[in-house]
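Coordinates in review
One-letter residues, chain by chain:
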Amino acid sequence: FNDISEVDDGVSYGDGNIDIHNNAIHNNYDDSIEPDYAWDNYRIWANRLWNAGNHGISFQPIQGGPWYVLRNQITGHTYNSLKFRSGTGARFFVGNTVVAHLAVQNFDRFFHPDGVFANNLWCVYNPKGDSHVGYGGKVDPSGIRLWDYNRYDVSPKKVLRLGGILNLNSLRQIGFEQHGYVIFARRSASNVP
């Protein structure tokens, strides 16, 4: 229940069994939440994160997991809303709202066995028109517990670039997003700065 601003990272590090919830973290210089090098049971929920100098939430590296990222608002970051570099352990990313102007690099590194990516609203408003969630290498759907029920406000023909361009139909063909949708929220939010 903190209001954190004008610092480098809003919240940094910690070993495991950490709860970060109900905070407003904004206008900081690096990452909003950087649990880098943490181990098991890192729980990040019900936070509002906006206008960080770099990234929203960092996953570099996750050393064991699972990490739970639930019901957060992540908006207006200079680079990526999520930062993925390395690590092992399941990631649960559920019920979040992400509004970004850039696709997330290394998005394939999010998907780890037993991970869940569900019920999120992801809006990408790239002024150059290349609006998709993220890019990276191919992912293997066999180990992912759930990737479904998400809403994407992106280019309809391009939701992700994971070893190639993936639209909603191609995601469904490899077993993901059976209940996901591409929406057009930007029409109703066009006057929001």
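Residues numbered from 1 in each chain as written. Predicted model: local features only at pLDDT ≥ 70, side-chain atom pairs only at ≥ 80, totals over all residues. Heavy atoms only, no water.

This part covers the pattern of salt bridges. For the structure shown, the criterion picks out 4 salt bridges. Note that Asp19 and Arg43 form a salt bridge whose closest N and O atoms lie 2.4 Å from each other. On the criterion of sequence distance, the pair formed by Asp19 in strand β3 (residues 18–21) and Arg43 in strand β6 (residues 42–45) is long-range, its members being 24 residues apart. Since its relative accessible area comes to 40%, Asp19 is described here as partly exposed. With a closest N to O distance of 2.9 Å, Lys83 and Asp31 form a salt bridge. (Salt bridge = Lys/Arg side-chain N within 4 Å of Asp/Glu carboxyl O. Helix = DSSP H or I, 4+ residues; strand = E, 2+ residues; numbered from the N terminus. Buried < 20%, exposed > 50% of the residue type's maximum accessible area, 1.4 Å probe, protein only.)

Let's shift gears to the nonpolar core. Of all hydrophobic cores here, the largest spans 38 residues; its most connected members are Phe107, Trp122 and Trp147. Contributing elements (two or more residues each) for this core: β6, β8 (57–59), β10 (67–70), β12 (82–84), β17 (121–124), β21 (160–162) and α1 (168–173). (Core = buried A, V, L, I, M, F, W, Y, C linked by side-chain atoms within 4.5 Å.)

Let us now look at the packing of aromatic side chains. For the structure on display, the rule yields 23 aromatic pairs. Centroid distance Tyr13 to Tyr37: 6.3 Å. Interplanar angle 10 degrees. Geometry classified as stacked. Here Tyr13, found in the loop between β2 (11–12) and β3, pairs with Tyr37, found in the loop between β5 (33–34) and β6; they are 24 residues apart in sequence, far enough to count as distant. An angle of 25 degrees between the planes, with centres 4.2 Å apart, marks the rings of Phe111 and Trp147 as stacked. Of this pair, Phe111 sits in the loop between β15 (97–100) and β16 (116–118) while Trp147 is found in strand β19 (residues 146–148), placing the two residues 36 residues apart along the sequence. For Trp147, a relative accessible area of 3% puts it in the buried group. Stacked on the ring of Tyr135, the Lys or Arg Arg161 has its end atom at 5.1 Å from the ring centre. (Phe/Tyr/Trp six-rings, centres within 6.5 Å; stacked < 30°, edge-to-face > 60°. Lys NZ or Arg CZ within 6 Å of the ring centre and 35° of its normal.)

These results come straight from atomic positions and should not be treated as a statement about function.
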